Amino acid sequence: MRLCFLKARYLLVSTVFVIPFVLSAQEVSPNAASLVRNRALTPHSAAPVAFAVRMKTGINIDGRLDEIPWDQARPITEFTQNDPFEGQPVSEPTEVRFLYDDNAIYVGGKLYDSNPVTTRLARRDAIVADSDLLIVVIDSYHDHQTAYRFETNPSGMKRDLAVSGAGRAYGRGGGGSAWDPVWDVATSITDEGWFVEMRIPFSQLRFSPEDTQVWGVQIERAINRNKERAVFSFTPKLEATGIARYGHLEGVRGVSAGRKLELLPYVGMSAEYIDQAPSSQVAFSNPFRSGSDYFGRAGLDLKYRLGSNLTLDATANPDFGQVEVDPAVINLTAFETRFDERRPFFVEGAELFQFARGGPGGTTGRSPQVMYSRRIGRRPQGQVSSSAVFSDKPTATTILGAAKITGKVRGNWSIGLLEAFTGREYAPFVDGLSIPGKSVIEPPTNYLVGRLRRDLRSGQTQIGMMVTSVNRDITDTGLASRLRTSAYVAGMDFIHEWANRGWRVNGAVTSSYVRGNEAVMIRTQRSSARYFQRPDASHLRVDSTATSMTGYSGMFTLERQAGSVQGKIGLAALSPGYEVNDMGFQTETGRYVIDNDFSFNRPRPGTFFRNWRVNGGPDLKWNSDGDLISSNFNANLRWQWLNYWGGSIRVAHDFDTYDDRLTRGGPLARSPSQYSGNLNLNSDYRQPLSVRGRYSGEFDEAGSWKHSGSLNFTYKSGENVEVRLGPAVTKSYSAAQYVSSVRDALATETYGRRYAFAPIDQTTVSLETRLNVNFSPTLTLEVFAQPFISNGDFGNLMEFSAPRTFDFLEYGTAIGTSVRQSDGDYLIDPDGVGAAVPFTVSDRDFNFRSLLGNSVLRWEWSPGSTLFLVWQQSRSDRLVGSDYDALSAEAIGSFDFGHDTGELLNIQADNIFLVKVNYWLNL
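Residues numbered from 1 in each chain as written. Predicted model: local features only at pLDDT ≥ 70, side-chain atom pairs only at ≥ 80, totals over all residues. Heavy atoms only, no water.

K.L.:
Any details on the overall build of the chain? Residues and values, ideally.
P.N.:
Scanning the chain for helices and strands turns up 7 helices and 48 strands. Taken as a whole, the chain presents about 39500 Å² of accessible surface, with 55% of it coming from carbon and sulfur. The positive charge centre, built from 96 side chains, and the negative charge centre, built from 101, are 5 Å apart in the chain. (Helix = DSSP H or I, 4+ residues; strand = E, 2+ residues; numbered from the N terminus. Areas by Shrake-Rupley, 256 points an atom, 1.4 Å probe, with all protein chains shown as cover. Lys, Arg positive; Asp, Glu negative; His and termini not counted. Charge placed at Lys NZ, Arg CZ, Asp CG, Glu CD.)

Here's what the structure looks like:
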């Protein structure tokens, strides 16, 4: 198998490095190419200009454009293709006009078409890739950094984003976050094409207080059958583009933000039907839940405009029951799983709180994230009393209130301030004698984030600062040993671009400070991010008297982001004491990183490919002792054929280095050399049935291997139904999975501690299913379901033999004895008849099954007001090897697809039904 993989690797490397240069001479037709090559870089002052005309009479938003004011507006008719024929005029006549009055700006589009239009109904904010589109993006600050995107199609779907970042070519880069402004759109379809009217209230935008406004604007038309994208302000693909290269919208005068206050109160009711399994310890049932429980909630969201360019958002007792559940995962590492933020209050405006964008990461891992908003309202971190038989532990911390101020002041200063307060959480319980008690599982906590950024040179230079603080009121001794009382992070970042944004440098420095009692600081020093207890580390030691810890991080990148040849060189350093996990997210520290990536781009059609890109480079990482812990070289090829099918290939080699995390606080180990690769293919998504396939494989010289495959089918029926099926299978074998460690003074080779490992065979199967039914642009049904099965079969236990090796001695054969006990645990005697003290290790084999489902019926019954009907179902169980005797029919650790799926359906389901309604008020 290894020989086959080596041959495949040779073929992939040949593909990555030979094909691009063979095809580099294949270009677009001479006429189109000359249009692109001969076009001089456009100075900002010469960007195309659109004009808005003040209306004297009103119009109806009906998608017809038959009122007199539309005839008085100056039409925009010149649009240039980005795809498929870069630099050529739009293939169908297109007219876009702007009007405004005291309250709103209006966009009218006449999108003529000689063929029937392509359209789809879709829920709000859905990504619709197979429909004709009209997209209007407004940089109302005219700061070249932030913009508001409004998107619709012939069916009148609505999608809106707050967009930030210079990005790459328009529509293929930059950052964006969900945003829910209240605006109107109407469309109509005729034999001539389709027509659009938008009404965007000034109250939903942010802009300077000047009487005369000049805004940045971009308009894009998508003609799906041609895969055509045409824009108002055109920039060639090989130039750096984004918000800074938009055109100008002029003519808006004497307007204000209008009504300043928006209120969005909600009420909600839920019915929870949760299986209440009896306890084998007592005869009485759970006093906290009956299995059929009902709850009510109410809260309020508020938006207040402190001016036309500064907004206060606040929420009291927010509810996020309509947010999709996180997918199931099996995590056998020492590190936390990171999930994306989906809660609307925290997603909106998140782009302003981005810090040190584009820092080193790549194949060397994720850079620490200073702000990770999912820390607010997280699962309570305390423990229920060990005497508890039944308890009522909440699954999330209650957010009593949160507020943020975002916007611009004095022209080029961007500010963001977020504060949230979570309450003290209790877990009521009863013990075996039915005596009630109450455990404190989360203290009252205040979260504060401040962001300040100064934009210079039209946003080509940015200098920013960011601070975060977390303060906890800890009065419980148990929590005091688990949670830090306070945590602070402060940093500065900068971006500087030049040569028409073709080059960029990016840097940041941050400092962290955390405080707590001696017990929690020992816990911090011994955490998986740093492992100060490592016995062979030259300068790391656990300070048992410490009540605080400080650290720093720094990063710098140099990038060329325009032209055929692009690249990035990045450097990063994190001190061992750097800690941001109270408000941010990190998995490691004490690191020095070199992250490189170089690419060659061909974005224009040739003989075989519509576009392709090859990139790769070496990445290196050292720990704070100077040990090389990662040395990787990777090469990647991404392409699209002329028929709009496409794919990518990646090959990588991780060289033989060291691993300071394998023994989880023990001595340094060797990390075997590894080869890996993956292949992705996708069909033309314009077709009713489209498919994406992925295969990845890896193996190392120690015998570990992993194979993963997935398929994603998307079927679209008519205009309003979409079904997605995503089966995935992963099969892996790890030669050494950490199990546990025990102290033993006789284990002198490993510094007085024995480290137990075992090989593991693991199989994971999942099926991600989505159904979207769109009854109208305001009434949609979304269904998500994920059956998930994972089985792990651990092999014979073995002992890590010596530092800086990847050598193990198997108990019962190479050293000592290993005997399975009646309770399922293994009794290990490390040296047989010797003086070493025996110890026990539980059987870690497991069978895990889960079925997660989430259905949301969403009805926007009035502009800004929404009714949600939600059904959540979950089924899960986990069996471990020690359950074998009680469940002898179950082969723990062995994968049996038929048996596992049958057992999955037999698991008692937990069901939660939620009704939530909110009502938008603009005062």
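Having seen the model, we can carry on.
K.L.:
With reference to specific residues and values, describe the pairing of strand S45 (residues 846–862).
P.N.:
Across the 17 residues of S45, 13 count as buried, placing the element largely inside the fold. Bridging between S45 and strand S46 (residues 865–880) involves 15 bridges; their strand directions are antiparallel. What sits directly across from Trp859, in S46, is Leu867. Here S45 folds back onto S46, and the loop between the two strands holds 2 residues, one of which, Gly864, carries a positive phi near 85°. (Buried < 20%, exposed > 50% of the residue type's maximum accessible area, 1.4 Å probe, protein only. Pairing = 2+ DSSP bridges.)

K.L.:
Any details on the sheet that holds strand S21 (residues 436–442)? Residues and values, ideally.
P.N.:
Here we have 3 strands laid out as an open sheet, ordered S17-S20-S21, and antiparallel in their pairing. Both edges of this open sheet fall to strand S17 (390–391) and S21, since each of them pairs with a single strand only.

K.L.:
Please provide a residue-by-residue account of the environment of Arg591, values included.
P.N.:
The residue Arg591 is located in strand S28 (residues 591–602) in this model. Take Arg591: its relative accessible area is 2%, and that puts it in the buried class. Remark: the alpha-carbon pair of Arg591 and Arg253, spanning 338 residues in sequence, is separated by 54 Å. When residues no more than four places from it in sequence are discounted, the contact partners of Arg591 are Ala572, Ala573, Leu574, Lys621, Trp622, Asn623, Ile629, Asp660 and Arg661. Only 3.0 Å separates the side chain of Arg591 from the side chain of Asp660, close enough to count as a polar contact. (Contact = heavy atoms within 4.5 Å. Polar contact = N/O pair within 3.5 Å; in protein donor to acceptor, adjacent residues only side chain to side chain.)

K.L.:
A description of the sheet that holds strand S43 (residues 826–829) should follow, citing residues and the corresponding values.
P.N.:
Strand order in the open sheet formed by 3 strands is S42-S43-S44, and the pairing between neighbours is antiparallel. If you trace the sheet from one side to the other, it starts and ends with strand S42 (817–820) and strand S44 (839–841), each paired once. Within the sheet, the average angular offset between the axes of one strand and its neighbour, ignoring direction, is 30°. Taken together, the 4 bridges between S42 and S43 define a ladder with antiparallel strand orientation. Bridge pairing links Arg820 to Tyr826 in S43. (Axes fitted to C-alpha atoms, helices over the stretch in contact; angles between N-to-C directions.)

K.L.:
Residues and numbers for the packing of aromatic side chains, please.
P.N.:
One pass over the structure, following the stated rule, counts 27 aromatic pairs. Look at Phe207 and Trp215: their rings are 5.7 Å apart centre to centre, the planes differ by 45°, and that puts the pair in the tilted class. Look at Trp215 and you get buried, because its relative accessible area is 0%. An angle of 90° between the planes, with centres 5.2 Å apart, marks the rings of Phe345 and Phe346 as edge-to-face. Neither residue differs from the other here; Phe345 and Phe346 are each classed as buried. Ring pairing ties together the aromatic residues Tyr738, Phe757, Phe800, Phe806 and Phe808, which thus form one cluster. Above the plane of the ring of Phe345 lies Lys404, whose end atom (NZ or CZ) is 4.7 Å from the centre. Between Lys408 and the ring centre of Tyr141, over which it is positioned, the NZ or CZ distance is 5.8 Å. (Phe/Tyr/Trp six-rings, centres within 6.5 Å; stacked < 30°, edge-to-face > 60°. Lys NZ or Arg CZ within 6 Å of the ring centre and 35° of its normal.)

K.L.:
Which residues make up the environment of Thr587, and what values go with them?
P.N.:
With respect to the helices, strands and loops of the structure, Thr587 is situated in the loop between strand S27 (565–574) and S28. For Thr587, a relative accessible area of 25% translates into the label partly exposed. In this structure the C-alpha to C-alpha distance between Thr587 and Ser527, which are 60 residues apart in sequence, comes to 9.6 Å. Residues within four places of Thr587 in sequence aside, it is in contact with Phe335, Ser528 and Ala529.

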